[in-house]
Amino acid sequence: MTLKVYETEQDPWTVLRIRGELDLVSSPVVRQSVHEAVAEGRHHVVLDLSGVLFCDSSGVNVLIASRRLMKSCGGRLRLILPARGAVDGSHVNKVLGALGVRRLFDCYPDSDAATDGESQPLSA
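All values reported here derive from a predicted model rather than from experimental measurement.

S.K.: Can you lay out the overall build of the protein for me, pointing to particular residues and giving the numbers?
M.R.: The helix and strand tally for the protein stands at 4 helices and 5 strands. For the protein, the sequential pattern of α-helices and β-strands runs β-β-α-β-α-β-α-β-α. Each of the three principal axes of the protein carries a C-alpha extent, and together these read 30 × 30 × 25 Å. For the protein, the proportion of its 124 residues judged to be buried stands at 44%.

This is the structure in structure tokens:
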């Protein structure tokens, strides 16, 4: 399955909706999208992972590298993961939890919660 990245703006956030499989072949596409946002001066990025059906260690590496990049430029990274029990996209949440890195990320159930400035992140 081909990975697609769709970009929208919800000031001051750039939302990158990721659809497909996040793996060794496709993870550079996500990395490049995050780097382009930062290069254009957009330092508040939301990665919507609710449409990611599969994520391997390469995908996790891109998420961690994106977090590091955003911190280095004084920005913020947030992830959108479906609520517990949701079928679509729950694979990423399971992978992050199994690897013990879920706690590194501020995760939200949807785009509105991730960008509104009022909502609290989901518990790890």
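S.K.: Pulling in residues and values, what's your account of helix H1 (residues 27-39)?
M.R.: Across its 13 residues, H1 extends 18 Å between first and last C-alpha, which sits within 8% of the 18 Å expected from 1.5 Å per residue. Among the residues of H1, Ser27, Val30, Ser33, Val34, Ala37 and Val38 are the ones counted as buried. The buried residues of H1 occupy an angular sector of 135 degrees when the element is viewed end-on, so they sit on one face. Of the surrounding secondary structure, the elements contacted by the buried residues of H1 are strand E1 (4-10), strand E2 (13-22), strand E3 (44-55) and helix H2 (57-72). Backbone geometry just after H1 places glycine 41 at a positive phi near 85 degrees.

S.K.: So what about the pairing of E2? Which residues, and what values?
M.R.: In terms of residue burial, E2 counts as a mostly covered element, since 7 of its 10 residues are buried. Two elements, E1 and E2, share 7 bridges in a ladder whose sense is antiparallel. Bridge pairing in E2 places lysine 4 opposite arginine 19. In this antiparallel pair of consecutive strands, E1 and E2, the connection spans 2 residues. Bridge count for E2 against E3 is 8 bridges, and the pairing is parallel. Bridging across to E3, glutamate 21 finds its partner in phenylalanine 54. In terms of handedness, the path from E2 via H1 over to E3 forms a crossover that is right-handed.

S.K.: Could you give me a rundown of the side chain of aspartate 23, with the residues and numbers involved?
M.R.: Checked against the element boundaries, aspartate 23 lands in the loop between E2 and H1. The buried charged residue aspartate 23 lacks any salt bridge, with arginine 31 as its nearest oppositely charged partner at 12 Å. Dropping the residues within four chain positions of it, aspartate 23 is found in contact with Phe54, Asp56 and Ser58.

S.K.: Hey, could you go over the sheet that holds strand E4 (residues 76-80) for me, with residue numbers and the actual values?
M.R.: Neighbouring strands of a sheet are bound in pairs by backbone hydrogen bonds; such pairs are parallel or else antiparallel. The strand order E1-E2-E3-E4-E5 describes an open sheet built from 5 strands, whose pairing is mixed. The strands lining the two open edges of the sheet, one partner per strand, are E1 and strand E5 (106-108). Each strand of the sheet is rotated relative to its neighbour by a mean of 25 degrees, with strand direction disregarded.

S.K.: Describe the nonpolar core, naming the residues involved and giving the relevant values.
M.R.: Ranked by size, the top nonpolar core spans 27 residues in total, and within it Leu47, Leu49, Leu79 and Leu96 carry the most contacts. Secondary structure elements with two or more residues in this core: E2, H1, E3, H2, E4 and helix H3 (90-98). In this structure, Ile80, Tyr108, Ala113 and Ala114 belong to the second largest nonpolar core, which totals 7 residues.

So, how was this worked out
- Numbers given to residues run from 1 along each chain, matching the order in which its sequence is written.
- For a predicted model such as this one, the threshold for reporting local features is a pLDDT of at least 70, and the threshold for listing and counting side-chain atom pairs is 80 or more; totals across whole chains, interfaces and linings nevertheless cover every residue.
- Just so you know, side-chain values use all the structure's heavy atoms and leave hydrogens and water out.
- Helix numbering and strand numbering both begin at the N terminus, where a helix is a DSSP run of H or I of at least 4 residues and a strand a DSSP run of E of at least 2.
- Between buried and exposed lies partly exposed: a residue is buried under 20% and exposed over 50% of the maximum accessible area for its type, with that area taken using a 1.4 Å probe on protein chains only.
- The length a helix should cover is 1.5 Å for every residue beyond the first.
- Our arc is simply the arc of the directions from the helix axis toward the C-beta atoms.
- For this analysis, residues touch if any pair of their heavy atoms sits within 4.5 Å.
- When DSSP finds at least two bridges between two strands, those strands are taken to pair.
- Crossover handedness is defined by viewing with both strands directed away from the observer: a clockwise path from the first strand over the helix to the second marks the crossover as right-handed.
- We count Lys and Arg on the positive side and Asp and Glu on the negative side, and we leave His and both chain ends out.
- Definition used for salt bridges: Asp or Glu carboxyl oxygen within 4 Å of a side-chain nitrogen of Lys or Arg.
- Geometry is summarised by axes, namely lines fitted to C-alpha atoms with helices restricted to the contacting stretch, and by angles between N-to-C directions that run from 0 to 180 degrees.
- To qualify as a nonpolar core, a set must consist of buried Ala, Val, Leu, Ile, Met, Phe, Trp, Tyr and Cys residues joined through side-chain atoms within 4.5 Å.

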